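Take a look at the letters that make up each chain.
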Amino acid sequence: MIEIRNLSKWYGQTRVLADCSTHVAKGEVVVVCGPSGSGKSTLIKCVNGLEPFARGSITVDGVSVGDPGTDLPRLRARVGMVFQHFELFPHMSVEQNLALAQIKVLGRSKDEAAARGVALLDRVGLREHARKFPGQLSGGQQQRVAIARALAMDPVCLLFDEPTSALDPEMIGEVLDVMVELARTGMTMMCVSHEMGFARKVAKRVVFMDHGEIVEDAPAAQFFEAPASERARTFLARILHH
Amino acid sequence: MNYHWNWGIFLEQVKGGDETYLDWLLTGLGWTLAVSLTAWVIALTLGICIGALRSMPSRLPVMLGNAWVELFRNIPLLVQMFLWFFVMPEFLPRDWSLWVKQDMPAKEFLTAALCLGLFTSARVAEQVRAGVGSLPRGQRDAALALGLTLPQTYRHVILPQALRIVIPPLTSEFMNVFKNSSVAFAIGVLELTFQARQMQEDSEQGIETFLAVTLLYFICAFAANRGMVLIEARTRVPGLIARTG
Ligand SMILES: Nc1ncnc2c1ncn2[C@@H]1O[C@H](COP(=O)(O)OP(=O)(O)O)[C@@H](O)[C@H]1O
Ligand SMILES: [Mg+2]
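Residues numbered from 1 in each chain as written. Chains lettered and ligands numbered in written order. Predicted model: local features only at pLDDT ≥ 70, side-chain atom pairs only at ≥ 80, totals over all residues. Heavy atoms only, no water.

## A look at empty space enclosed by the protein
Working step 1: If you walk through the whole model with that rule in mind, you get one cavity of 30 Å³ or more.
Working step 2: Roughly 40 Å³ of volume is contained in the largest cavity.
Working step 3: Forming the boundary of the largest cavity are M81, F83, A146, R149 and A150 of chain A together with A142, A145 and L146 of chain B.
Working step 4: When contributions to the lining of the largest cavity are tallied by element, the ones reaching two or more residues are α5 (139–151) of chain A together with α6 (137–145) of chain B.
Working step 5: Considering each element in turn, the lining of the largest cavity owes the most residues, three residues, to α5 of chain A. (1 Å grid on protein atoms, 1.4 Å probe; cavity = no way out; pocket = protein on both sides within 12 Å on 5 of 7 lines; lining within 4 Å. Points joined across faces, edges and corners; volume = space filled by probe spheres on them. Helix = DSSP H or I, 4+ residues; strand = E, 2+ residues; numbered from the N terminus.)

Below you can see the structure in the form of structure tokens.
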């Protein structure tokens, strides 16, 4: 589904991604972790073309992302993305947030879009909040709406960039529950996350990044029980003690 | 002060005509409103487009937008009026030039509205760019990630938020348009200032004349201000505490 080969990227002189290769097969969940500044966000934003890259290739569902001929809006419509800070559109109600791209991008009618929106709000347990504005919801509720918004486009895969790290601890669970449920239904997911409990539960593999490199790319159990690199051991020791 | 006050002057007939001085001032007010409102429509339309261009990720639109703003911001408005009115027609193709000089209808009005509109558009563009710049970058990413094109992203996500943020500075620009429209008298638009000068000369009651005109300008600017405050209240988003950064 997602195939990343020899990806490199520079910001001016600094190299932020160094020859990264990994993949996510259909129906798989892959968790990406690593210290802050290691290039996780950059990597995941390259996947739907939000960040351009200098070298290497990415294909998503058979479409080459870096190809100048690729219709990026069309590709992005099929790849859902969930952000650390939710990024709901604050000037629109929840139902409008869910409907906007369905109508403007997929060409659905207002009624269709609204019906799909309600169904998804139901799925994330927020049906009664359709008329509210993002500013009237808690962080956990906003992030669940953001997931519903991504799902409304019927994506072939979902990208998550630290979806729980801006949340108060008591709200992390409600968002992770939705993500676990998605994984169980066979959604293809690439998740930047430090929630190791979540990774253990649903991740097929864990990708560990440091300084723009993919240092480890291992089955989840193996990564947690016997990380191969010193860097991964240090990292795990640090986050598991928190 | 040895001045002969005559507040009844406004209802007196002008010399050699059957209008009153009040009619003159009201005609002037009409043209002031026409120039100002037309200019404001031009300024908002262009200013929003150019402000948006200046916030784009690529360099060419930014440079074009910057050039526009610098051009209109750095020349005095009065000089711009004269440039559009006297100089521009000379640089048009011959036929057009003749038409503009001889046949163009409402030439003074259109020139004044266009000139004031362009001048103000540069200032609006500056505000809009600042407003867009104050939004978190993630908003753009989120809209693009849903498959919206860049124009759709601006239309539905970026500009509605940016414009809400810049309503207060735009309010003062809107008020400025009414005040600046007085410069149009220099090219012969029969607006309020023009009519006031005419009334002053004709009636020799300069103080009453200019006090009345002051009041009329004040009412225009004040109404503009109230109007914008109303729009601000109408477009306020429930639960939104400005999140900028
Ligand atoms: N727009 C940018 N310009 C320059 N450097 C950047 C930019 N965005 C990110 N970086 C740098 O790229 C590196 C990787 O950043 P990021 O992908 O956000 O890391 P992570 O998500 O793992 O914390 C960091 O060192 C960061 O400082
Ligand atoms: Mg990050």
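## Re the interface of chain A and chain B
Working step 1: Residue-level contacts link 26 residues of chain A with 23 residues of chain B.
Working step 2: Summed over both sides, the interface between chain A and chain B buries roughly 2,100 Å², with carbon and sulfur atoms accounting for 64% of that surface.
Working step 3: Looking at the side of chain A facing chain B, the largest losses of area belong to E87, F89 and H91 of chain A, adding up to 26% of the total buried there.
Working step 4: Viewed at the interface, chain B and chain A are joined by two salt bridges.
Working step 5: For the interface between chain A and chain B, the tally reads five residue pairs in polar contact (both at pLDDT 80 or more).
Working step 6: Contributions of two or more residues to the side of chain A that touches chain B are made by α2 (72–77), β6 (79–82) and α3 (94–104) of chain A. (Contact = heavy atoms within 4.5 Å. Buried area = accessible area lost by both parts, 1.4 Å probe. Salt bridge = Lys/Arg side-chain N within 4 Å of Asp/Glu carboxyl O. Polar contact = N/O pair within 3.5 Å; in protein donor to acceptor, adjacent residues only side chain to side chain.)

## Structural notes on the pairing of strand β2 (residues 14–24) of chain A
Side-chain direction in a regular strand flips from residue to residue, so the side chains alternate between the two faces of the sheet.
Residues and elements named next belong to chain A.
Working step 1: Inspection of the sheet shows strand β1 (residues 2–11) paired to β2 by seven bridges, in the antiparallel sense. Of the residues in β2, the one forming a bridge with L7 is C20.
Working step 2: Joining the antiparallel neighbours β1 and β2 is a turn of two residues, in which G12 adopts a positive phi near 60°. (Pairing = 2+ DSSP bridges.)

## Remarks on the pattern of salt bridges
Working step 1: Scanning the model with the defined rule gives 20 salt bridges over all chains in all.
Working step 2: Across the salt bridge formed by D154 of chain A and R108 of chain A, the nearest N and O atoms sit 2.6 Å from each other. Of the two residues, D154 of chain A sits in the loop between α5 and β7 (157–161) while R108 of chain A sits in the loop between α3 and α4 (110–123), which places them 46 residues apart along the sequence.
Working step 3: Owing to a relative accessible area of 18%, R108 of chain A belongs among the buried residues under this scheme.
Working step 4: Among the ionic pairs, D122 of chain A bridges to R127 of chain A, the shortest N-O distance being 3.3 Å.
Working step 5: For R127 of chain A, a relative accessible area of 46% gives the class partly exposed.
Working step 6: Connected through shared salt-bridge partners, K9, K45 and E51 of chain A together with R137 and D141 of chain B make up one network. (Buried < 20%, exposed > 50% of the residue type's maximum accessible area, 1.4 Å probe, protein only.)

## Side note on the packing of aromatic side chains
Working step 1: For the structure shown, the criterion picks out 14 aromatic pairs over all chains.
Working step 2: For the ring pair W31 of chain B and F109 of chain B, a centre distance of 5.5 Å and an interplane angle of 55° mean the geometry is tilted. Taken as a pair, W31 of chain B in helix α1 (residues 21–53) and F109 of chain B in helix α5 (residues 107–133) lie far apart in primary sequence, 78 residues in all.
Working step 3: Pairing W68 of chain B with F72 of chain B gives two aromatic rings, centres 4.9 Å apart and planes at 55°, and the pair type is tilted. Taken together, the residues span about one helical turn, with W68 of chain B and F72 of chain B both in helix α2 (residues 59–73) at a distance of four residues.
Working step 4: Just above the ring of Y11 of chain A sits the side chain of K9 of chain A; from NZ or CZ to the centre is 4.8 Å.
Working step 5: A cation sits over an aromatic face here: R200 of chain A above F224 of chain A, 4.5 Å from the ring centre. (Phe/Tyr/Trp six-rings, centres within 6.5 Å; stacked < 30°, edge-to-face > 60°. Lys NZ or Arg CZ within 6 Å of the ring centre and 35° of its normal.)

## Overview of the site of ligand 1
Residues and elements named next belong to chain A.
Working step 1: Contacts to ligand 1 come from Y11, V16, P35, S36, G37, S38, G39, K40, S41 and T42.
Working step 2: Contacts to ligand 1 include S41, whose side-chain N or O atom sits 2.7 Å from an oxygen atom.
Working step 3: Coverage of ligand 1 by the protein chains reaches 57% of its 560 Å² of free accessible surface.
Working step 4: Split by residue class, the shell around ligand 1 holds three nonpolar, six polar and one charged. (Near = heavy atom within 4 Å. Areas by Shrake-Rupley, 256 points an atom, 1.4 Å probe, with all protein chains shown as cover. Nonpolar A, V, L, I, M, F, W, Y, C, P; charged D, E, K, R; others polar.)

## Description of the sheet that holds strand β8 (residues 188–192) of chain A
All names here are of chain A.
Working step 1: Here six strands make up an open sheet; going across it, the order is β6-β7-β8-β3-β9-β10 and the pairing mixed. Of all the strands in the sheet, the pair left with one neighbour each is β6 and β10 (213–219). Between one strand axis and the next, the sheet turns through 15° on average, direction left out of account.
Working step 2: Sheet topology note: the strand β9 (residues 205–210)/β10 ladder contains six bridges and is antiparallel. Along β10, the bridge assignment pairs D210 with E213.
Working step 3: Relative to β6, α5 is tilted by about 170°, and along the sheet it contacts β6 and β7.
Working step 4: Helix α9 (residues 230–240) rests against β3 (29–33), β9 and β10 of the sheet, and its axis sits at about 100° to β9. (Axes fitted to C-alpha atoms, helices over the stretch in contact; angles between N-to-C directions.)

## Focus: the sheet that holds strand β4 (residues 55–60) of chain A
Residues and elements named next belong to chain A.
Working step 1: One open sheet holds the four strands; their spatial order is β2-β1-β4-β5, and the pairing between them is antiparallel. Strand pairing shows two members of the sheet lacking a second neighbour, β2 and β5 (63–64), which therefore form its edges.
Working step 2: Where β4 lies against β5, two bridges are found, and the strand directions are antiparallel. Across the sheet, T59 pairs through a bridge with S64, a residue of β5.
Working step 3: Sheet strands in contact with helix α1 (residues 40–47) are β1, β2 and β4, and its direction is about 120° off that of β1.

## What about the confidence of the model for chain B?
Working step 1: Summing up the model confidence of chain B, the mean pLDDT is 92 and the portion of residues at 70 or higher is 98%.
Working step 2: With a pTM of 0.90, the predicted complex shows an ipTM of 0.95. (pLDDT = per-residue confidence, 0-100.)

## Quick look at a nonpolar patch on the surface
Working step 1: Together, L78, V79, F82, L83, F86, V87 and F91 of chain B line one region of the surface with nonpolar side chains, adding up to about 630 Å² of accessible area.
Working step 2: Turning to its location among the elements, V87 of chain B is positioned in helix α3 (residues 77–91). (Patch = residues over 30% accessible without salt bridge, like charges linked within 9 Å, V, L, I, M, F, W, Y side chains within 5 Å.)

## What about the environment of G117 of chain A?
Residues and elements named next belong to chain A.
Working step 1: Structurally, G117 can be placed in helix α4.
Working step 2: Looking at G117, the relative accessible area reads 5%, which means it is buried.
Working step 3: Along the sequence, G117 and A148 sit 31 residues apart, while their C-alpha atoms lie 7.6 Å from each other.
Working step 4: G117 has contacts with L98 and Q102, leaving out every residue within four places of it along the chain.

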